[in-house]
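# Analysis of the macromolecular model
Chain by chain, the residues:
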Amino acid sequence: REEAQADGDGDELANPGGEEQEDDAEQLNPSAKGVLEGLKELRLLKQKEEIRTAGKKRTRVTTGGSNGVDDEPAKKVRKRRERWSEVEVESLRRGIKRHGMGSWARILADRDFIFNDRNAVDLKDKARNMIRYGHWEEGQF
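One structure accompanies this document, and this report is about it. (Residues numbered from 1 in each chain as written. Predicted model: local features only at pLDDT ≥ 70, side-chain atom pairs only at ≥ 80, totals over all residues. Heavy atoms only, no water.)

## Some thoughts on the nonpolar core
As a reminder of what qualifies: In these notes, a set of buried Ala, Val, Leu, Ile, Met, Phe, Trp, Tyr and Cys residues joined through side-chain atoms within 4.5 Å is what counts as a nonpolar core. We call a residue buried when its accessible area falls under 20% of the maximum for its residue type, exposed when it is over 50%, and partly exposed in between, using a 1.4 Å probe and counting protein chains only. Here a strand is any run of E in DSSP of at least two residues, a helix any run of H or I of at least four, and the numbering for each starts at the N terminus.
With 12 residues, the main nonpolar core is built from Trp 84, Val 89, Leu 92, Ile 96, Trp 104, Ile 107, Phe 113, Phe 115, Leu 123, Ala 127, Met 130 and Trp 136. If you list the elements that add at least two residues to this core, you get helix H3 (86-99), helix H4 (104-109) and helix H5 (120-132).

## Digging into unusual backbone geometry
Backbone geometry at Asp 117 places phi at a positive 55°, although glycine is not the residue there. Owing to a relative accessible area of 44%, Asp 117 belongs among the partly exposed residues under this scheme.

## Some points on H3
Worth spelling out the cut-off: Given the number of residues in a helix, its expected span is that number minus one, multiplied by 1.5 Å. Here the arc refers to the set of directions running from the helix axis out to each C-beta atom.
Here H3 contains 14 residues, and its C-alpha end-to-end distance of 20 Å stays within 8% of the 20 Å for a straight helix at 1.5 Å per residue. The set of residues buried in H3 consists of Glu 88, Val 89, Ser 91, Leu 92, Gly 95 and Ile 96. Projection of H3 onto a plane perpendicular to its axis shows the buried side chains occupying an angular sector of 160°, all on one side. With respect to the buried face of H3, the exposed residues turned more than 90 degrees away are Glu 86 and Lys 97. One or two steps after H3, the chain reaches Gly 100, where phi turns positive at roughly 95°.

## A few points about the packing of aromatic side chains
For the record, the criterion: Aromatic pairing here means that ring centres of Phe, Tyr or Trp (its six-membered ring) are within 6.5 Å. Orientation follows from the plane angle: under 30 degrees is stacked, over 60 is edge-to-face, and everything else is tilted.
Under the criterion given, the structure shown has one aromatic pair. Ring geometry for Trp 84 versus Phe 115: centroids 6.3 Å apart, planes at 75°, classification edge-to-face. Of the two residues, Trp 84 is situated in the loop between helix H2 (30-53) and H3 and Phe 115 in the loop between H4 and H5; the sequence distance between them amounts to 31 residues. For Phe 115, a relative accessible area of 14% corresponds to the buried category.

## Looking at the pattern of salt bridges
We count it as follows: One speaks of a salt bridge when a side-chain nitrogen belonging to Lys or Arg is within 4 Å of a carboxyl oxygen belonging to Asp or Glu.
The full count for this structure, using the stated rule, is seven salt bridges. Notably, a salt bridge pairs Glu 90 with Arg 93, separated by 2.4 Å at the nearest N-O pair. With Glu 90 and Arg 93 both in helix H3 and three residues apart, this pair spans about one turn of that helix. Among the ionic pairs, Arg 128 bridges to Asp 125, the shortest N-O distance being 3.3 Å. With a gap of three residues between them, Arg 128 and Asp 125 both fall in helix H5, about one helical turn apart. Judged by its relative accessible area of 23%, Asp 125 falls in the partly exposed class. Each of the salt bridges in this network shares a partner with another, and the network as a whole consists of Arg 98, Asp 110 and Asp 112.

See the structure below:
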């Protein structure tokens, strides 16, 4: 159905018949109302997902099955590997000094430190590798 603006200010939208959409929904049988509500929910979930994933880099997902039938489960979507910047590494070092080793969620939540699309596991892994490969010493914190 096409919608047209009722007046020039753009505040109200009306359909050409002058009926409200809610009135149309009331005239539907119960099963059709359920379908309509389900579609509205799906649209809202899709919008939320688009907002949540906006700007994030993701790898391609394959669903398996050479004949178009999903005979294998879909592969998990993984975050693309991004190199750590010097600012992130220094933020991690200062965060460990302030909050202690193992307080990854606190370090991540602290607004004094800058981490680009990192999670607590990323912080733990980076700290472990910095110590393991001799860039940091465990006692320096």
